[in-house]
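Working through the structure, step by step
One-letter residues, chain by chain:
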Amino acid sequence: MKREHNEDSWLINEDLGLHVVCDGMGGHAGGETASRLAVQTIERELLGARMRPDDPFASAALVADAPLASALREAIEGACAAVYRTSKAWCSSPRTTRS
């Protein structure tokens, strides 16, 4: 079944080697906004991390031990916080998943 309105957002940033898909949860007000905000926040956070003196993308360590894993976690947490703040401002519950 194909929906008439797609609330998903995606991003490919070749410079970061980053592919993000956020699924705006249908049936919740603002799912499209939540998914778009999550994608934009993750990209912005990781671009900022790359500009730091301790660039996590420059580490040769295995992913589990690399600072990049922490930078990814922080970017996703930042996206969650941004969606939460937006939902409070709207007095509704925009929701998304990410992968």
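Residues numbered from 1 in each chain as written. Predicted model: local features only at pLDDT ≥ 70, side-chain atom pairs only at ≥ 80, totals over all residues. Heavy atoms only, no water.

Counting secondary structure elements, the chain contains two helices and three strands. What you see in the chain, going N to C, is helices and strands ordered as β-β-α-α-β. The buried share among the 99 residues of the chain stands at 29%. For the chain, contacts bridging at least 24 residues in sequence account for 60% of all contacts bridging at least 6. With an accessible surface of roughly 6,600 Å², the chain has 54% of that area assigned to carbon and sulfur atoms. (Helix = DSSP H or I, 4+ residues; strand = E, 2+ residues; numbered from the N terminus. Buried < 20%, exposed > 50% of the residue type's maximum accessible area, 1.4 Å probe, protein only. Contact = heavy atoms within 4.5 Å. Areas by Shrake-Rupley, 256 points an atom, 1.4 Å probe, with all protein chains shown as cover.)

Bringing the pairing of strand β2 (residues 18-24) into the picture now. Residues Leu18, Val20, Cys22 and Gly24 point to one face of β2 and are all buried, whereas His19, Val21 and Asp23, pointing to the other face, are not buried. If you look at the hairpin formed by strand β1 (residues 9-13) and β2, you'll find four residues sitting between the two strands, and Gly17 has a positive phi there, around 65 degrees. (Pairing = 2+ DSSP bridges.)

In this section: the nonpolar core. Judged by nonpolar contacts, the single largest core of 15 residues is most densely connected at Leu18, Val20, Ile42 and Leu46. If you list the elements that add at least two residues to this core, you get β2, α1 (31-51) and α2 (67-90). No other element matches the six residues that α1 contributes to this core. In this structure, Leu18 is in contact with Leu11, Ile12, Asn13, Ile42, Glu43 and Leu46, ignoring residues within four places of it in sequence. (Core = buried A, V, L, I, M, F, W, Y, C linked by side-chain atoms within 4.5 Å.)

What the rule picks out here adds up to one salt bridge. Between Arg52 and Asp54 there is a salt bridge whose closest N-O contact spans 3.2 Å. (Salt bridge = Lys/Arg side-chain N within 4 Å of Asp/Glu carboxyl O.)

Bringing the confidence of the model for the chain into the picture now. Chain-level pLDDT for the chain is 83 on average; 81% of the residues reach the 70-or-more range. Here strand β3 (residues 96-98) is the element of the chain with the lowest mean pLDDT, 58, and β1 is the one with the highest, 94. (pLDDT = per-residue confidence, 0-100.)

Take the packing of aromatic side chains next. Scanning all chains against the criterion turns up zero aromatic pairs. Of note, Arg50 hangs over the ring of Phe57, and the distance from its end group to the ring centre comes to 5.1 Å. (Phe/Tyr/Trp six-rings, centres within 6.5 Å; stacked < 30°, edge-to-face > 60°. Lys NZ or Arg CZ within 6 Å of the ring centre and 35° of its normal.)

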